[in-house]
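# Fold and contact review
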Amino acid sequence: MSENRKAAALILADGTVWTGVSIGVPGTSIGEIVFTTGVSGFQETLTDPSNFGQIVVQTFPSVGGYGVNNDDFSSPSCYLSGYVVRSLTTQPSNYKMTDTLGHFLEQRGIVGIEGVDTRAITRHIRANGAMNAMISTEFLTAAPEVLERIRSWKLEGAVEAVLPAVRSEHPAPNQKARVCLVDFGGRAQSVAALNRYGIGVTCLPASTPAADLLAGDWDGFVLSEGPGDPADAPYRDTVRALLDSGRPVLGLGLGHQLMALALGGRCRKLLHGHRGANQPVKNAVTGHVYVTTQNHGYVVDETALPDGAVITETNLNDGTVAALAYGDRPAFSVQYEPESVVGGRDKGAVYRRFLELIEAGRK
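Described in the following lines is the structure provided in the data block. (Residues numbered from 1 in each chain as written. Predicted model: local features only at pLDDT ≥ 70, side-chain atom pairs only at ≥ 80, totals over all residues. Heavy atoms only, no water.)

## Concerning the overall build of the protein chain
Within the protein chain, the secondary structure is distributed over 10 helices and 19 strands. Its C-alpha atoms give the protein chain a radius of gyration of 20 Å, near enough to 21 Å, the size a compact globule of 363 residues would have. Summarising its shape, the C-alpha atoms of the protein chain cover approximately 65 × 45 × 40 Å along the three principal directions. For the protein chain, the proportion of its 363 residues judged to be buried stands at 56%. For the protein chain, the proportion of contacts with a sequence separation of at least 24, taken over those separated by at least 6, is 73%. Surface accessibility of the protein chain: about 14900 Å² in total, with carbon and sulfur atoms responsible for 50%. Between the mean site of the 31 positive side-chain charges and the mean site of the 37 negative ones, the protein chain shows a separation of 5 Å. (Helix = DSSP H or I, 4+ residues; strand = E, 2+ residues; numbered from the N terminus. Rg over C-alpha atoms; globule rule 2.2 N^0.38 Å. Buried < 20%, exposed > 50% of the residue type's maximum accessible area, 1.4 Å probe, protein only. Contact = heavy atoms within 4.5 Å. Areas by Shrake-Rupley, 256 points an atom, 1.4 Å probe, with all protein chains shown as cover. Lys, Arg positive; Asp, Glu negative; His and termini not counted. Charge placed at Lys NZ, Arg CZ, Asp CG, Glu CD.)

## Considering unusual backbone geometry
The backbone phi angle of asparagine 174 is positive, close to 50°, even though this residue is not glycine. Examined against the element boundaries, asparagine 174 turns out to sit in the loop between strand 10 (168-170) and strand 11 (177-183). Judged by relative accessible area, asparagine 174 falls into the exposed class, the value being 71%.

## Focus: the packing of aromatic side chains
Within the structure shown, the criterion is met by six aromatic pairs. Lying across the ring of phenylalanine 332, arginine 353 places its NZ or CZ 4.0 Å from the centre. (Phe/Tyr/Trp six-rings, centres within 6.5 Å; stacked < 30°, edge-to-face > 60°. Lys NZ or Arg CZ within 6 Å of the ring centre and 35° of its normal.)

## Remarks on the packing of helix 8 (residues 236-243) against helix 9 (residues 254-262)
It is at 9 Å that the axes of helix 8 and helix 9 come closest, and there the two elements cross at 85°. With respect to their mutual orientation, helix 8 and helix 9 come out roughly perpendicular. Taken together, the residues of helix 9 that come into contact with helix 8 (itself represented by Arg236, Val239, Arg240 and Leu243) are Leu258, Met259, Leu261 and Ala262. Among the residues making up the contact of helix 8 with helix 9, the classes are represented as six nonpolar, no polar and two charged. (Axes fitted to C-alpha atoms, helices over the stretch in contact; angles between N-to-C directions. Parallel < 35°, antiparallel > 145°, perpendicular 65-115°, else oblique. Nonpolar A, V, L, I, M, F, W, Y, C, P; charged D, E, K, R; others polar.)

## Brief notes about the pairing of strand 18 (residues 321-326)
Among the six residues that make up strand 18, six are buried, leaving the element largely enclosed by the rest of the structure. By the bridge criterion, five bridges tie strand 17 (residues 309-315) to strand 18 in an arrangement that is antiparallel. Residue alanine 309 lies in a different strand from strand 18, and its bridge partner there is tyrosine 326. Linking strand 17 to strand 18, which pair antiparallel, is a turn of five residues; within it glycine 319 sits at a positive phi near 75°. Here strand 18 hands over to strand 19 (residues 331-334) after four residues, the two strands then running antiparallel side by side. (Pairing = 2+ DSSP bridges.)

## Some thoughts on helix 9
Counted residue by residue, helix 9 has nine buried out of nine residues, so it is predominantly covered. Directly after helix 9, the chain includes glycine 264, whose backbone phi takes a positive value near 100°.

## Digging into helix 6 (residues 188-196)
Listed as buried for helix 6 are Gln189, Ser190, Val191, Ala193, Leu194 and Asn195. Looking one or two residues beyond helix 6, the residue adopting positive phi is glycine 198, at roughly 80°.

## Re the side chain of threonine 208
Secondary-structure assignment places threonine 208 in the loop between strand 12 (199-205) and helix 7 (210-215). The exposure class assigned to threonine 208 is buried, which follows from its relative accessible area of 14%.

## Details of the nonpolar core
Ranked by size, the top nonpolar core spans 31 residues in total, and within it Val182, Phe184, Leu223, Val239, Leu243, Met259 and Tyr326 carry the most contacts. The set of elements that each furnish at least two residues to this core consists of strand 11, strand 13 (220-223), helix 8, helix 9 and strand 18. With six residues, helix 9 is the single largest residue contributor to this core. Ignoring any residue separated from it by four or fewer positions in sequence, one finds valine 182 in contact with Leu204, Ala206, Leu213, Val222, Leu223, Ser224 and Leu242. (Core = buried A, V, L, I, M, F, W, Y, C linked by side-chain atoms within 4.5 Å.)

This is the structure we're talking about:
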């Protein structure tokens, strides 16, 4: 057992407290508490830039059973503010593993807690909504000064905090097209999936001027996933310029939301968000239902869509917008992770459709 393991508390902004044992590093960290329902995928969750500033609760009771490996990183860094589990596996086993989850959390400086009732915490968030929270080995009670510190915390500059520093190139085998991925905090899995469908990818930070993006000879643009409130991301003019270029545009996650905002739509915050690998989505055209992985706290407001936008897919759990198409533009967007779709014939449909738009634009 690590010498860093000591008493810890999870304190919510409403004064609710759970006590447990420290994992990762000792200390104090504040963020927005959310839950994810994935049975596996903890390494992807820990390294997903969309989790910047969040304290993530794993609903599945035993976490870390297959350890950490070199292949499943969503990004090189850990961006979340804290990690909450019921039980951390100390003797994992997997042929690919290179480290234990406990040691990985320590190495990455993550403040975490185990030994708490994560399902009770999840029910509390579902009933009361995502809220600010603290994990601490220094403050173990909801004293007034602690609650004031928690409640005054605000997530700011989320996209700017996760932007890549440099351009990167990702050519595809048997390349059929080449696109620019405008990176708001994207995942490695999205780039890999585009490559599998013969689409080479150049990744540029979202801070790149629109004129420079448009000057490239790319066949289209992908707007990546990313963290935070889409209304706070200062890139609407850039997104609008790309949409007005006439080249195909695909929006993923935050990119999907920014496309709607750039064209005059509106987004709203969900009570507790969609996070996990079991979000059912229905295609409005085919009627087919499939299961997706999602990780977001905001959605495009179905009552304030941009002109010309059509809802093509909805989340069956709550009826929220899962995908949009823009009839007068070669552009569409999805709220989920396309490569994670489970549902037979629809797997890969998003990337195939994007490639078809690119090929149609060449004629």
